[in-house]
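Structural overview for review
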Amino acid sequence: MKDCYALDMETDSFFWQLFKEFPQTFFALLGQSHEHASVYRYESIEIKKSLRIDGVFVPSRADLPVYFTEVQFRRSRTFYANLFAKVFLYLEANPSTHDWAAAAIFENRDTEPGRLEPFEDLLRSKRVTRIYLDEYQMPADAPVGLGILQLVSAPVHQVKGLVAHLKRRAQAPSGGSETGKRVIELVEELLLRRFTELDRDEVRKMFQLEDIRKSKVWQEAHQSGLQEGIEQGREQGREQGREQGREEGFLLANQKAVHNALAKGMSLKDIADLLGLSLKEVRRLAKNATK
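Here goes a summary of the coordinates provided. Please read these numbers as outputs of a predicted model, since none were measured by experiment. (Residues numbered from 1 in each chain as written. Predicted model: local features only at pLDDT ≥ 70, side-chain atom pairs only at ≥ 80, totals over all residues. Heavy atoms only, no water.)

1. Thoughts on the overall build of the chain
Which entries qualify depends on this criterion: Strands here mean DSSP runs of E at least two residues long; helices mean DSSP runs of H or I at least four residues long; both are numbered from the N terminus. Burial classes follow relative accessibility: with a 1.4 Å probe on protein chains only, a residue under 20% of its type's maximum area counts as buried, one over 50% as exposed, and anything between as partly exposed. In what follows, a contact means two residues having at least one pair of non-hydrogen atoms within 4.5 Å.
Counting its secondary structure elements, the chain contains 13 helices and five strands. The proportion of buried residues among the 291 residues of the chain is 45%. Long-range contacts, defined as pairs at least 24 residues apart, comprise 62% of the intrachain contacts of the chain with a sequence gap of at least 6.

Rendered as structure tokens:
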């Protein structure tokens, strides 16, 4: 199996989804207790109109630090300048912040900037943790999010075994059907980004991810979540369109429904089948929904 791994984590949403769904993953990476996640919320924060911090763990207690996260899979000379600029702009906008720390997550040392002199004092301080995923030692009691993260840099010959282990954890009754569904969806998304020569169906077949989708528990959780999102989207669209006419209301309803279904990982073809629309129409709605 050829490894065509070319993730661009500057623009990719994978880490955002992972930390949002499984925030304990971040604290495990730092060597902290998984329980810390319960007192933090993970946010994307706009500081200025042209500047957004895509990963901030904000505590519910004033005595805990705010954590900034930045993931980098391509070398950028301005990576640290950008990171610390965001940190200090956030502190300026939030003067009551008690303390802060930052985690810089790299695929490997080659993706870290080469010139570090302007930032050495901060990098040597306790405030900044640098993590190289290819060197990370997986703990024995790793949470499922770390198991997913392990797929980022695992040798190709180990990937199938790791995916099989994650499938077993996803199917365990103790995890819950909704959690298991999100685990498989994130695994699938990561594999698609790592093995770029494969399409979604090929990834599912190669790693036997279609098997879990055939189970009754998966289908019930998947369909209930999709149906709920689609109905919510349609109702939102109807409300927006009531004052604009029936035809536009119908368009907005379907556009919202498509947006919600895409957010839950549904394919365009499946959305078309579920909504009774043509694939061409769903593509148009999906394009408008992202504007």
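2. Describing the environment of Lys280
Note on placement: Lys280 falls in helix α13 (residues 279–289). Note on Lys280: relative accessible area 69%, which makes it exposed. With twelve residues separating them in the primary sequence, Lys280 and Leu268 have C-alpha atoms 9.3 Å apart.

3. Describing the nonpolar core
We count it as follows: Residues belong to a common nonpolar core when they are buried Ala, Val, Leu, Ile, Met, Phe, Trp, Tyr or Cys residues joined through side-chain atoms within 4.5 Å.
Formed by 48 residues in total, the largest nonpolar core has its most connected members in Phe19, Leu133, Ile148, Val187 and Leu191. Where this core is concerned, the elements lending two or more residues are α1 (14–21), α2 (24–29), β1 (40–48), β3 (66–72), β4 (100–106), α5 (144–150), α6 (156–171) and α7 (177–194). No other element matches α7, which puts seven residues into this core. Beyond its immediate stretch of four places on either side in the chain, Leu191 contacts Val159, Val163, Val203, Phe207 and Leu209. Counting residues in hydrophobic clusters, the runner-up holds 22 residues, among them Phe79, Tyr80, Phe119 and Tyr132.

4. Here's the deal with unusual backbone geometry
You will see that Gln208, though not glycine, has its phi angle at about 55°, which is positive. Note on Gln208: relative accessible area 47%, which makes it partly exposed.

5. Digging into the sheet that holds β1
Selection criterion: At least two bridges found by DSSP between two strands is the condition for calling them paired. The angle between two axes is taken between their N-to-C directions and runs from 0 to 180 degrees, where each axis is a line fitted to C-alpha atoms and a helix contributes only its stretch in contact.
Ordered by their spatial adjacency, five strands build an open sheet running β1-β2-β3-β4-β5, and the pairing between neighbours is mixed. Each having just a single partner strand, β1 and β5 (128–132) make up the two edges of the open sheet. Looking at each pair of strands side by side, their axes are set apart by 30° on average, direction ignored. Pairing of β3 with β4, which is carried by seven bridges, proceeds in the parallel orientation. Note on β4: the bridge partner recorded for Glu70 is Ala104.

6. What to know about a negative patch on the surface
Quick reminder of the rule: Each patch groups residues whose relative accessible area exceeds 30% and which form no salt bridge, using 9 Å between like charges and 5 Å between nonpolar side chains of Val, Leu, Ile, Met, Phe, Trp and Tyr. The Shrake-Rupley method, run with a 1.4 Å probe sphere, supplies the accessible areas, and residue values consider only the shown protein chains as cover. The term salt bridge refers to a side-chain nitrogen of Lys or Arg lying within 4 Å of a carboxyl oxygen of Asp or Glu. The charge count treats Lys and Arg as positive and Asp and Glu as negative. His and the chain ends do not count. A charge is said to be at NZ when it belongs to Lys, at CZ for Arg, at CG for Asp and at CD for Glu.
Residues Glu197, Asp199, Asp201 and Glu202 make up a contiguous surface patch of negative charge. Given the relative accessible area of 40%, Asp199 is considered partly exposed.

7. Remarks on helix α3 (residues 79–93)
Put simply, the test is: A helix is expected to span 1.5 Å for every residue after the first. To obtain the arc, one takes the directions from the helix axis to the C-beta atoms.
Between its terminal C-alpha atoms α3 stretches 21 Å, which fits the 21 Å expected from 15 residues at 1.5 Å a residue. Listed as buried for α3 are Phe79, Tyr80, Leu83, Phe84, Lys86, Val87 and Tyr90. Viewed end-on, α3 has its buried residues packed into an arc of 150°, placing them on one side of the element.

8. With respect to the environment of Ile53
Mapped onto the secondary structure, Ile53 falls in strand β2 (residues 51–59). Residue class for Ile53 comes out buried when judged on its relative accessible area of 1%. Along the primary structure Ile53 and Lys86 are separated by 33 residues, whereas in three dimensions their C-alpha atoms are 6.7 Å apart. Ignoring any residue separated from it by four or fewer positions in sequence, one finds Ile53 in contact with Glu43, Ser44, Ile45, Ile47, Phe68, Lys86 and Tyr90.

9. Comments concerning α6
Over its 16 residues, α6 runs 24 Å from end to end, which matches the ideal 22 Å to within 8%, given 1.5 Å per residue. Three or more residues of α6 are buried, namely Val159, Leu162, Val163, Leu166, Lys167 and Ala170. Within α6, the buried residues cover an arc of 145° as seen down the axis, which keeps them to one side. In α6, the exposed residues that point more than 90 degrees away from the buried face are His157 and Arg168.

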